[in-house]
Amino acid sequence: MTDNITSVGGGSRPDTGVSALKGRTGAGAPAETRGKTTIANGVVAKIAGMATREVPGIHSLGAGMARAFGAMRERVPGGGGGVTRGVKVEVGERQAAVDLDVVVEYGVSIVDVAGVVRTNVISAVERMTGLEVVEVNIAVDDVHLPDEEEETEADEGRVR
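Quick caveat: nothing in here was measured; it's all calculated off a predicted structure. (Residues numbered from 1 in each chain as written. Predicted model: local features only at pLDDT ≥ 70, side-chain atom pairs only at ≥ 80, totals over all residues. Heavy atoms only, no water.)

## Some points on the environment of valine 133
Threshold: Strands are runs of DSSP state E lasting at least two residues, helices are runs of H or I lasting at least four, and both sets are numbered from the N terminus onward. With a 1.4 Å probe rolled over the protein chains alone, any residue whose accessible area is under 20% of its type maximum counts as buried; one over 50% counts as exposed, and the rest are partly exposed. In what follows, residue pairs with any heavy atoms lying within 4.5 Å of each other are defined as contacts.
With respect to the helices, strands and loops of the structure, valine 133 is situated in strand β4 (residues 132–144). In this structure valine 133 comes out as buried when scored by relative accessible area, which is 8%. Separated by twelve residues in sequence, valine 133 and valine 121 have C-alpha atoms that sit 8.7 Å apart. Aside from chain neighbours lying at most four places away, what touches valine 133 is Ala96, Ile122, Val125 and Glu126.

Below, the structure written as structure tokens:
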């Protein structure tokens, strides 16, 4: 009897037709393969958002208005933490695609940071979900300048 189990993150073997997320059923199948696991878009978006924020050179996620609304939402109790701000995902049965809107720190190599972000996001999503990440598209929407932080803090102080 051949083993029809695929390894997590390994996708599916063409000769078995069994995906990493949908296992065999029945008494003869190992317990870990009985049933189906469904992963919501929001779960993949959170993983991708956290993996992106871990990369040095990433200042924040989200394009202009999304960042402004996100900052306001974070100040409202129960408004959410904004982990998925700037992250869009499409999740299928075995694959996922990720779109990111990022702001990078001034002085970093955007090409190098984008490469590290892709590697980190793909690694985290595939390791945690077993889904194959087919693409990670990155839109760099802004460059954060060192003196912008001081202006923001000064503005926040006047509004109180």
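## Points about the pairing of strand β2 (residues 87–91)
Quick note on the threshold: Note: two strands are recorded as paired if DSSP finds a minimum of 2 bridges between them.
In this sheet, strand β3 (residues 95–105) lies alongside β2 in antiparallel orientation, the contact comprising five bridges. By the bridge assignment, glutamate 90 is partnered in β3 with alanine 97. Adjacent in sequence and paired antiparallel, β2 and β3 are bridged by three residues.

## Some thoughts on helix α3 (residues 110–129)
Condition: What a helix is expected to span follows from its residue count: subtract one and scale by 1.5 Å.
The end-to-end C-alpha separation of α3 is 28 Å, in line with the 28 Å expected for 20 residues at 1.5 Å each. Downstream of α3 by a residue or two, glycine 130 has a phi angle that is positive, lying close to 80°.

## Some points on helix α1 (residues 41–53)
Taking 1.5 Å per residue, 13 residues should reach 18 Å; α1 reaches 18 Å between its end C-alpha atoms and fits that length. Of all the residues in α1, the buried ones are Val44, Ala45, Ile47, Ala48, Gly49, Ala51 and Thr52. Buried residues belonging to α1 abut β1 (58–61), β2, β3 and α3.

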